[in-house]
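Each chain, letter by letter, is given below.
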Amino acid sequence: MALRLPRRAGRRTNLGLLTLLVLAGATGLLAYAVGTPGPARVVVAVHGAAGLGLLLLVPWKTVVVRRAWRLPRSVRAPGTAVFLAVLVVLTVVSGVMHAVGATGPWAGVTALQVHVGAAICTLVVLGTHVWGRRQRFRTTDLQRRALLQTGALGLGAAALWGGLEGVLRLTGAPGARRRATGSAERGSGDPEAMPVTQWFTDELPADPPRGVTVVAGGRSVVVPVADLDRGDRVRAVLDCTGGWYAEQEWSGVRLDRLLAGLDLPDGGSVDVVSATGYTRRLPLADAAHLLLATSAAGTALSAGHGAPVRLVAPGRRGFWWVKWVVRLEVVDAPWWVQSPFPLQ
Ligand code: HEM
Ligand code: HEM
Ligand SMILES: Nc1nc2c(c(=O)[nH]1)N[C@H]1C(S)=C(S)[C@@H](COP(=O)(O)O)O[C@H]1N2
Ligand SMILES: [Mo]
């Protein structure tokens, strides 16, 4: 009985940590999936509050840890628990550094890269920590006292997040100017000042494409690059999940104009394929808002930024903005039949 006491005594604290970590992990991924400012602001705020809320549970968790360490090694679940603590600290510190505006890079590594890497390791190690120490949610967790505790944790977490935002505004820290997604401005109106970014392992193609092959209803047409500059313009923000954004005036041809007169299936999609094989599938219903761009801010795209032609997908995160487009293929499948994030 005495040996089981610590597990019981810290149950709510542990469940609180679990809830906050799972919420932070889920909203972190979601933050990469949404690009429009309204929803992004909500997701990123909940994310920040969940992550910072962990700090509120430190005093209680300390009690759990002290008790566990008083037990003989033989009865304790085998532990990578200290490693877990190090990872959580690294995750929270790098997240806050990014939010404050200390984004790096240092030796080529940004705060956000450290953050996402440490977060993924945290969630994996958390799995092993929780495994031998399962704590159940109980019906009594719905009683008044428990609900009040949960509410206090939620309010406290929100207050920490709001407090940090307030301090950023008051001190005029660079983080006060970040976008709803958390990204910092780099190179608006000046495409050459924008970073050249590949999603994962992709590289600039050896030979830039000379035209775009459009495939629909069993027919295929090659549109030469010279025919892509039709003066359609859109002002849109390229917002990379790496933590920077830039607004440009992009020009080229709207996708619905390029596809006009072709056999288009209802509810279908279009695969936008790069010379490198990198592909994203978008709903045909969005065609009027999508642009194949040959220039930004009045100058032709550079090789790094996707010359001769790239996709501009307003309201979507950067990984949708396929560079070096060689092929557009109309398909019957819905857009969500694809990996949620690119794999290359
Ligand atoms: C921020 C995340 C967490 C950290 C850093 C952490 C760290 C620790 C540490 C250092 C110990 C002392 C025991 C040891 O060193 O092996 C411990 C014990 C414990 N943890 Fe966690 N923990 C975390 C989250 C969780 C979660 C989410 C659960 C369960 C849902 C949990 C359940 C337990 C239990 C039951 C014990 C005490 C009994 C035992 O040692 O087996 N912990 N934790
Ligand atoms: C263990 C899971 C995680 C924890 C505990 C965590 C915690 C945090 C914290 C404390 C912040 C600072 C928030 C602020 O000061 O406003 C933050 C920011 C951020 N995190 Fe996470 N995070 C986790 C996972 C992730 C994942 C998986 C991703 C993306 C795939 C992610 C993306 C971000 C981004 C983009 C920011 C910047 C948001 C902003 O500038 O307000 N996080 N995170
Ligand atoms: N072919 C291809 N297109 C791509 C990528 C890639 O890796 N390969 N990366 C995407 C990502 S993650 C971003 S943020 C933008 C970056 O565009 P930029 O390099 O012009 O700044 O391109 C997108 N288009
Ligand atoms: Mo990106």
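Here, the structure is the one placed above.
Residues numbered from 1 in each chain as written. Chains lettered and ligands numbered in written order. Predicted model: local features only at pLDDT ≥ 70, side-chain atom pairs only at ≥ 80, totals over all residues. Heavy atoms only, no water.

S.K.: Can you help me understand the site of ligand 3 in this one?
M.R.: In the region of ligand 3, 21 residues are neighbours, and Pro195, Asp202, His305, Arg310 and Lys323 sit closest. Within the backbone of Trp321, a nitrogen or oxygen atom sits 3.0 Å from a nitrogen atom of ligand 3. (Near = heavy atom within 4 Å. Polar contact = N/O pair within 3.5 Å; in protein donor to acceptor, adjacent residues only side chain to side chain.)

S.K.: For this particular structure, what's the right way to read the pattern of salt bridges?
M.R.: Once their charged atoms are close, side chains differing in charge can pair, the charge on each being opposite to the other. For the structure on display, the rule yields 11 salt bridges. Linking Glu249 and Arg233 is a salt bridge whose minimum nitrogen-to-oxygen distance equals 3.9 Å. Residue Glu249 is located in strand β5 (residues 244-254), and its partner Arg233 is located in strand β4 (residues 232-240); the two are separated by 16 residues in the primary sequence. Glu249 sits in the partly exposed class, given a relative accessible area of 32%. Take Arg233: its relative accessible area is 57%, and that puts it in the exposed class. Linking Arg316 and Asp286 is a salt bridge whose minimum nitrogen-to-oxygen distance equals 2.8 Å. With Arg316 in the loop between β10 (310-312) and β11 (325-331) and Asp286 in the loop between β7 (279-283) and β8 (291-296), this pair connects stretches of sequence that are 30 residues apart. Taken together, the salt bridges that share partners define one network made up of Glu165, Arg169 and Arg178. (Salt bridge = Lys/Arg side-chain N within 4 Å of Asp/Glu carboxyl O. Helix = DSSP H or I, 4+ residues; strand = E, 2+ residues; numbered from the N terminus. Buried < 20%, exposed > 50% of the residue type's maximum accessible area, 1.4 Å probe, protein only.)

S.K.: Mind showing me how you'd approach the packing of aromatic side chains here?
M.R.: We describe a pair of aromatic rings using the distance from one ring centre to the other and the angle between the two ring planes. Per the counting criterion, the structure on display carries six aromatic pairs. With a centroid separation of 6.1 Å and an interplanar angle of 10°, the aromatic rings of Trp199 and Phe341 are classed as stacked. Highlighted residues: Trp199 in the loop between β1 (184-185) and β2 (211-216) and Phe341 in the segment after β11, separated in sequence by 142 residues. Among the aromatic residues, ring-to-ring pairing joins Trp199, Phe319, Trp320, Trp335 and Phe341 into one connected group. Its end group placed over the ring of Trp320, Arg280 keeps NZ or CZ at 4.9 Å from the ring centre. (Phe/Tyr/Trp six-rings, centres within 6.5 Å; stacked < 30°, edge-to-face > 60°. Lys NZ or Arg CZ within 6 Å of the ring centre and 35° of its normal.)

S.K.: How do you make sense of the packing of helix α3 (residues 37-53) against helix α7 (residues 144-171) when you look at a structure like this?
M.R.: When two helices pack together, their arrangement is given by the angle between their axes and by how far apart the axes lie. It is at 8 Å that the axes of α3 and α7 come closest, and there the two elements cross at 110°. It follows from the interaxial angle that α3 and α7 lie roughly perpendicular. Judged by residue contacts, Val44, Ala45, Gly48, Ala49, Leu52 and Gly53 of α3 engage Leu153, Ala157, Ala158, Leu160, Trp161 and Leu164 from α7. Partitioning the contact of α3 with α7 into residue classes produces 10 nonpolar, two polar and no charged. (Axes fitted to C-alpha atoms, helices over the stretch in contact; angles between N-to-C directions. Parallel < 35°, antiparallel > 145°, perpendicular 65-115°, else oblique. Contact = heavy atoms within 4.5 Å. Nonpolar A, V, L, I, M, F, W, Y, C, P; charged D, E, K, R; others polar.)

S.K.: Help me understand the coordination of the iron atom of ligand 2, please; the structure alone is not making it clear to me.
M.R.: Looking at the iron atom of ligand 2, the protein donor atoms are His47 (NE2) and His115 (NE2), and they sit 1.9 to 2.0 Å from it. Around the iron atom of ligand 2, the six donor atoms are arranged such that angles at the metal cover 87 to 180°; this shape is classified as octahedral. Of the two residues, His47 is situated in helix α3 and His115 in helix α6 (residues 111-131); the sequence distance between them amounts to 68 residues. Its relative accessible area of 22% is what places His47 among the partly exposed residues. (Donors = N, O, S within 2.8 Å, 3.2 Å for Na, K, Ca; no water. Tetrahedral: all angles 85-135°; square planar, octahedral: opposite > 155°, others 65-115°.)

S.K.: Looking at this structure, how should I read the sheet that holds strand β3 (residues 219-224)?
M.R.: Paired through their backbone hydrogen bonds, the strands of a sheet run either parallel or antiparallel. Pairing in this open sheet of five strands is mixed, and the strands run β3-β2-β11-β6-β7 from one edge to the other. Each of the sheet's edge strands pairs with one partner strand only, and the pair in question is β3 and β7. In this sheet, neighbouring strand axes are inclined to one another by 20° on average, regardless of whether the strands run parallel or antiparallel. Sheet analysis places strand β6 (residues 269-274) next to β11, joined by six bridges and oriented antiparallel. Within β11, the position partnered with Asp271 by the bridge is Glu329. (Pairing = 2+ DSSP bridges.)

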